[in-house]
Amino acid sequence: MFKKDIQPSPKQKLKSSVQRSLRQSLLATYPLLTPHIDEILPKKASLSSMKLTDRNTLYVLDAEPLFYQQDVSSTILPHLRLVHRFPQSFPTVRIDRGAIRFVLSGATLMAPGLTSKGGRLPREGAHKGPPEDGKEMDQNADDEGRWSRELAKGEPVVIMAEGKEEACAVGTLVTGTDEVKAKGKGPVVEDAHFLGDGLWKLSTE
């Protein structure tokens, strides 16, 4: 989606009512950001939006890119710079070393990169479906990097990489993680935002 360089466009200041609804949407989608939300989006902060290609909008605080959205009805996805600041706050999967160069060239993430020895999918016996009410803050990755619940088709996911400390991509699942385990083939994430892509390099000054 952002394989090519993106030309910056003028930033538009957002009304406080829009900022409030974005804040609520962000916390509903990523409850683990709750302890950090006042640092990410201070209540008196002035959030701006920047129009991108393919109907995408990037949300920026001062010059810090925070998250983006393809259209108003779609899920908010974190910019990788936000993921790198709060890595424990997003559901993750891990690709093996062999898949890294494909993901960093904008290729679709395929199941074998996750089901191989170096890949990591949610732990066996993981809870299926969204977190139970009141247990949203209990989600986490274990010491091996396996997430504590299965992730459903359409959910946002951060892609870690074997042997690397920081996330390399973020996108939306086109297949649930339990199905990836069962089938072991097929696409898992398409059109990811990845390190070095146009969104990563975009100037937001």
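Given the structure is predicted, the values throughout are model-derived calculations rather than measurements.

1. Observations concerning the sheet that holds strand E4 (residues 64–69)
- Read from one edge to the other, the open sheet built from five strands follows the order E1-E2-E3-E4-E5, with strand pairing classed as antiparallel. Unpaired on one side and paired on the other, strand E1 (11–13) and strand E5 (77–78) mark the two borders of the sheet.
- Here strand E3 (residues 57–61) pairs with E4 via five bridges, running antiparallel. What sits directly across from Tyr-59, in E4, is Phe-67.
- Sheet strands touched by helix H1 (residues 16–29): strand E2 (47–51), E3 and E4. Its angle to E4, the strand with the most contacts, is close to 75 degrees.

2. A word on the pattern of salt bridges
- This structure, assessed with the given rule, holds 13 salt bridges.
- Arg-123 is the partner of Asp-142 in a salt bridge, and the nearest nitrogen-oxygen pair spans 3.7 Å. Here the residue Asp-142 occupies a position in the loop between helix H5 (112–115) and strand E8 (156–161), and Arg-123 occupies one in the loop between H5 and E8, the gap between them amounting to 19 residues.
- Note on Arg-123: relative accessible area 26%, which makes it partly exposed.
- Note that Glu-144 is salt-bridged to Arg-146, the shortest N-O span being 3.4 Å.
- Judged by relative accessible area, Glu-144 falls into the partly exposed class, the value being 45%.

3. Here we look at the side chain of His-79
- Inspection of the secondary structure puts His-79 in the loop between E5 and helix H3 (80–85).
- Judged by its relative accessible area of 1%, His-79 falls in the buried class.
- At 3.0 Å, the side chain of His-79 and the backbone nitrogen of Arg-81 are in polar contact.
- At 3.3 Å, the side chain of His-79 and the backbone oxygen of Leu-199 are in polar contact.

4. Brief notes about the UniProt feature "domain: PUA" (unreviewed entry) in the protein
- The sites that UniProt annotates as "domain: PUA" (unreviewed entry) are residues 91–196.
- Across residues 91–196 one finds 17% helix and 24% strand; the C-alpha atoms that close the span lie 21 Å apart.

5. Examining unusual backbone geometry
- If you check the backbone angles, Arg-55 has positive phi at about 65 degrees while not being a glycine.
- Mapped onto the elements of the fold, Arg-55 is located in the loop between E2 and E3.
- Taking the relative accessible area as the measure of exposure, Arg-55 reaches 58% and is therefore exposed.

6. Brief notes about the pairing of strand E10 (residues 187–194)
- Alignment of strand E7 (residues 109–110) against E10, held across two bridges, turns out to be antiparallel. Note on E10: the bridge partner recorded for Met-110 is Pro-187.
- Where strand E9 (residues 169–173) and E10 come together, four bridges link them in antiparallel fashion. Note on E10: the bridge partner recorded for Ala-169 is Phe-194.

What counts, and at which threshold
Residues numbered from 1 in each chain as written. Predicted model: local features only at pLDDT ≥ 70, side-chain atom pairs only at ≥ 80, totals over all residues. Heavy atoms only, no water. Pairing = 2+ DSSP bridges. Helix = DSSP H or I, 4+ residues; strand = E, 2+ residues; numbered from the N terminus. Contact = heavy atoms within 4.5 Å. Axes fitted to C-alpha atoms, helices over the stretch in contact; angles between N-to-C directions. Salt bridge = Lys/Arg side-chain N within 4 Å of Asp/Glu carboxyl O. Buried < 20%, exposed > 50% of the residue type's maximum accessible area, 1.4 Å probe, protein only. Polar contact = N/O pair within 3.5 Å; in protein donor to acceptor, adjacent residues only side chain to side chain. UniProt positions renumbered as here; feature names shortened; annotations may be inferred.

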